[in-house]
Amino acid sequence: MPTWLLAGLWGLLAGGALVLGAAIAWWVRVPPKIVAGIMAFGAGVLISALAFELVDEAARQGGIVATTVGFLAGAVVYVLANAALDRRGARHRKRSGDQQPSEEEQSGSGAAIAVGALLDGVPESVVLGLTLLTGGAVSPAVLAAIFISNVPEGLSSAAGMKRAGRPARYVFGVWIGIALASGVSALVGYVALDGVSPTVVAVITAVAAGAILAMLADTMIPEAFERAHVLTGLITALGFLTAFAVHTAGGT
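Residues numbered from 1 in each chain as written. Predicted model: local features only at pLDDT ≥ 70, side-chain atom pairs only at ≥ 80, totals over all residues. Heavy atoms only, no water.

Going by an unreviewed UniProt entry, the protein chain carries the name ZIP family metal transporter and comes from Pseudonocardia lutea.

Colleague: Residue-level account of the pattern of salt bridges, with values.
Modeller: On inspection of all chains with the given rule, the structure shows 2 salt bridges. Between arginine 60 and aspartate 56 there is a salt bridge, and its shortest N-O distance comes to 2.4 Å. Of this pair, arginine 60 and aspartate 56 both sit in helix H2 (residues 32–62), 4 residues apart, which is roughly one turn of the helix. With a relative accessible area of 34%, aspartate 56 lands in the partly exposed category. Arginine 60 is the partner of glutamate 57 in a salt bridge, and the nearest nitrogen-oxygen pair spans 2.5 Å. Here the residue glutamate 57 and the residue arginine 60 both occupy positions in helix H2, the gap between them amounting to 3 residues, near one helical turn. With relative accessibility at 57%, the residue arginine 60 sits in the exposed group. By sharing partners, the salt bridges in this structure join Asp56, Glu57 and Arg60 into a single network. (Salt bridge = Lys/Arg side-chain N within 4 Å of Asp/Glu carboxyl O. Helix = DSSP H or I, 4+ residues; strand = E, 2+ residues; numbered from the N terminus. Buried < 20%, exposed > 50% of the residue type's maximum accessible area, 1.4 Å probe, protein only.)

Colleague: Go over the nonpolar core with me, naming the residues and quoting the values.
Modeller: In this structure, Leu46, Leu128, Ile212, Met215 and Leu216 are the most contacted members of the largest nonpolar core, which totals 33 residues. If you list the elements that add at least two residues to this core, you get helix H1 (3–27), H2, helix H3 (64–90), helix H4 (109–135), helix H5 (140–163), helix H6 (168–193), helix H7 (198–228) and helix H8 (232–250). The contact partners of leucine 128, leaving out residues within four places of it in the chain, are Trp10, Gly11, Ala14, Val138, Val142, Leu143, Ile146 and Ala186. By size, the runner-up hydrophobic cluster in this structure holds 18 residues, among which are Ala25, Ile113, Ala117 and Trp175. (Core = buried A, V, L, I, M, F, W, Y, C linked by side-chain atoms within 4.5 Å. Contact = heavy atoms within 4.5 Å.)

Colleague: Can you explain the packing of aromatic side chains? Please cite residues and give values.
Modeller: Under the defined criterion, the tally for this structure stands at 4 aromatic pairs. Seen in terms of ring centroids, tryptophan 26 and phenylalanine 172 are 6.0 Å apart; in terms of plane orientation they differ by 70 degrees. Their pairing is edge-to-face. On the criterion of sequence distance, the pair formed by tryptophan 26 in helix H1 and phenylalanine 172 in helix H6 is long-range, its members being 146 residues apart. The exposure class of tryptophan 26 is buried, given its relative accessible area of 17%. With relative accessibility at 14%, the residue phenylalanine 172 sits in the buried group. Relative to phenylalanine 240, the ring of phenylalanine 52 has its centre 5.7 Å away and its plane inclined at 65 degrees; by these criteria the two rings are edge-to-face. Here phenylalanine 240 lies in helix H8 and phenylalanine 52 lies in helix H2, a separation of 188 residues in the sequence. What makes phenylalanine 52 partly exposed here is its relative accessible area of 29%. One aromatic cluster is present, formed by Trp26, Trp27 and Phe172 through successive ring pairs. The side chain of lysine 162 reaches across the aromatic face of tryptophan 26, ending 5.0 Å from its centre. Positioned above the aromatic ring of tyrosine 170 is the side chain of arginine 166, whose terminal nitrogen or guanidinium carbon lies 5.3 Å from the ring centre. (Phe/Tyr/Trp six-rings, centres within 6.5 Å; stacked < 30°, edge-to-face > 60°. Lys NZ or Arg CZ within 6 Å of the ring centre and 35° of its normal.)

Colleague: Before we move on, could you go through the environment of leucine 180 and cite the residues and values that matter?
Modeller: With respect to the element layout, leucine 180 can be found in helix H6. Among the residues examined, leucine 180 registers a relative accessible area of 52% and is labelled exposed. Spatially, the C-alpha atoms of leucine 180 and leucine 9 are 9.6 Å apart, while their sequence positions differ by 171 residues.

Colleague: Any chance you could break down the UniProt feature "transmembrane region" (unreviewed entry) in the protein chain for me, citing the residues and the numbers?
Modeller: Mapped onto this numbering, the UniProt entry gives "transmembrane region" (unreviewed entry) at residues 6–27, 34–52, 64–85, 170–193, 199–217 and 229–249. With 100% helix and 0% strand, residues 6–27 has its two end C-alpha atoms placed 31 Å apart. (UniProt positions renumbered as here; feature names shortened; annotations may be inferred.)

Printed below as a string of structure tokens:
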């Protein structure tokens, strides 16, 4: 199988976890504290993958200066885009409660939430394509981190969409669309950067890592803390150690 197609399939698999989470939320009533716990765990998993798989690799390939610039650029771009979407109704897109506005309460919020979900998912998918470039195979730790974190993302956000009165065709249309976009993003990330210098790959990796960390701090961790409170830190630490164990096993 061509590597570029493999990159797309890995991205589709990771994005499919969002659809899985949305399906669970739509047909099963999951207690909010359980959702928050899974969200905290997923955040810890992603933080670990960022530290050991992405930023560390970017620094080795492109140097600390290029990595720092790319990381900060990714965080800044994400925060600015997220702030613009917040004003249009996407502020609480990952909340499982009744914080999400309905279309009647804020016109255009449905589109803003969909774009916000795309903004959250694309950097993760691009990273999958990049790991194929740098390592010759998809990183098990990164793939596991994105998949594990995507399930509670889809679960929590879909629960909030349902409470806001959005129909099933909207909810599943959003997440299936994001899953397809994830596959395309991973494929494009591989094809567009194949053959470029290691420094460029390092900068792009750092940009994606910065955007992902900003997303965690702006959306996932607040949702987890709102419900799990004092257990959030412990559950996040367990997620971090889990991903670190996967990383260590993959390196042996």
